[in-house]
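Structure at a glance
Each chain, letter by letter, is given below.
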Amino acid sequence: DQIERNAWLHGDRIAFVTDERRVTHAEFAARSACLAAGLASAGVAVGERVAILAHNCQAYMDLFGAAARLGAIVVPVNWRLSAEEVAYVLQDTSPRVLIAAPELHALVPEALRRDMVAYTTAASADRSWRTLDDLYLDATATPPAAIDDDAGLVIIHTAAVGGRPRGALLSHRGLLAAAAKSQQAWNLTPSDVQLGVLPLFHLAGLGFTLALQVAGGSTVVLPRFDPKALVGLIDGQ
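Residues numbered from 1 in each chain as written. Predicted model: local features only at pLDDT ≥ 70, side-chain atom pairs only at ≥ 80, totals over all residues. Heavy atoms only, no water.

You can see H172 is positioned in helix α5 (residues 172-185). Setting aside its immediate chain neighbours within four residues, H172 contacts A68, I147, D149, A151, G152 and L153. (Helix = DSSP H or I, 4+ residues; strand = E, 2+ residues; numbered from the N terminus. Contact = heavy atoms within 4.5 Å.)

See below:
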């Protein structure tokens, strides 16, 4: 609902800037709906998980929107983890679909992908990975799922229990309530912009981005922290 609201009220305003691409709120709603249709065609239904192993990018944002529309759950995987730790997170959540950036494919051995449909965010020499762009389909046949506000949207693995991280399920209501409080506390407006440098596998990165979305503002999505690039963006260069 928040995404559709922004498309209606702030459709021509910029929602995200990534790698020279500018995506308006209206375009973001359309991209999310098209990706939702593709995920549905891949067998993702209400309550099922989609994992993503990537640096911050537009696909990350599209996935959050698509999962919200489908009633599915996103599993953001920490790209700083070892292959063994990544394997544990994936085995713990049993995602139907995995989306990964080419530079991180090595963290997911082929044996681990047998029970998942694997998509790459960009071209890869490994033909066993399908191309994510092919998953953006006509959205008209996939209306938004009828889900409760307390349905889960994200599983973030947090503090270890018995030496292993534990997945925390976060709901639509909880995430949007926290984002609305942040938006109010900081007096964020549709004219505000944040530099989205915090990783989206972390609650802080996701929380700040949602606060800007609640405000109808925009986020410049940075793959990772780069001091020189960050200063240049602040200076408007």
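The structure having been displayed, the exposition proceeds.
On to the packing of α5 against helix α6 (residues 203-215). Running from amino to carboxyl end, α5 crosses α6 at an angle of 70 degrees, the nearest separation of the two axes being 8 Å. Taken together, α5 and α6 sit at an angle that is classed as roughly perpendicular. When you trace α5 past α6, the crossing you get is right-handed. Taken together, the residues of α6 that come into contact with α5 (itself represented by L175, L176, A179, A180, S182 and Q183) are L203, L206, L210, A211, V214 and A215. In terms of residue class, the contact of α5 with α6 is made up of 10 nonpolar, 2 polar and no charged. (Axes fitted to C-alpha atoms, helices over the stretch in contact; angles between N-to-C directions. Parallel < 35°, antiparallel > 145°, perpendicular 65-115°, else oblique. Left-handed = near helix turned anticlockwise from the far one by under 90°. Nonpolar A, V, L, I, M, F, W, Y, C, P; charged D, E, K, R; others polar.)

For Q194, the location among the structural elements is in strand β10 (residues 193-196). Given the relative accessible area of 14%, Q194 is considered buried. The spatial distance from the C-alpha of Q194 to the C-alpha of A45 is 32 Å, given a sequence separation of 149 residues. Excluding anything up to four places from it in sequence, Q194 contacts F208, T209, L212, S218, T219 and V220. (Buried < 20%, exposed > 50% of the residue type's maximum accessible area, 1.4 Å probe, protein only.)

Before going further, it helps to examine helix α7 (residues 227-234). By the N-cap criterion, in which a side-chain oxygen at the helix start approaches the backbone nitrogen of a residue two or three places on, α7 is capped by D226, the distance to K228 being 3.2 Å. Positive phi appears at G236, one or two residues downstream of α7, with a value of about 80 degrees. (Polar contact = N/O pair within 3.5 Å; in protein donor to acceptor, adjacent residues only side chain to side chain.)

Let's shift gears to the sheet that holds strand β2 (residues 21-24). What the 4 strands build is an open sheet, ordered β2-β1-β11-β10; its pairing is mixed. Two strands close off the open sheet at either side, each with one partner strand: β2 and β10. When strand polarity is set aside, the average angle formed by the axes of neighbouring strands in this sheet is 15 degrees. Across 4 bridges, strand β1 (residues 14-18) lies against β2 in antiparallel orientation. Bridge pairing in β2 places F16 opposite V23. (Pairing = 2+ DSSP bridges.)

Here the focus is the pairing of strand β4 (residues 73-76). Burial of β4 is two-sided: the residues I73 and V75 facing one way and the residues V74 and P76 facing the other way are all buried. When strand β3 (residues 49-53) meets β4, the two strands line up parallel, connected through 4 bridges. Bridge pairing links A51 to V75 in β4. With respect to chirality, the unit in which β3 leads through helix α3 (residues 58-70) into the neighbouring parallel β4 is right-handed. (Right-handed = clockwise from strand over helix to strand, strands pointing away.)

For the structure on display, the rule yields 6 salt bridges. Among the salt bridges present, the one from E84 reaches R164, with a minimum N-O distance of 4.0 Å. Of this pair, E84 sits in helix α4 (residues 83-93) while R164 sits in strand β9 (residues 164-171), and the two are 80 residues apart along the sequence. Assessed through its relative accessible area of 34%, R164 is described here as partly exposed. Each of D149, D150 and R173 takes part in salt bridges that share partners, so that together they form one network. (Salt bridge = Lys/Arg side-chain N within 4 Å of Asp/Glu carboxyl O.)

The subject of this paragraph is a nonpolar patch on the surface. Side chains of W186, L198 and F208 sit close together on the surface and give an oily, nonpolar patch of about 280 Å² of accessible area. With respect to the helices, strands and loops of the structure, F208 is situated in helix α6. (Patch = residues over 30% accessible without salt bridge, like charges linked within 9 Å, V, L, I, M, F, W, Y side chains within 5 Å. Areas by Shrake-Rupley, 256 points an atom, 1.4 Å probe, with all protein chains shown as cover.)

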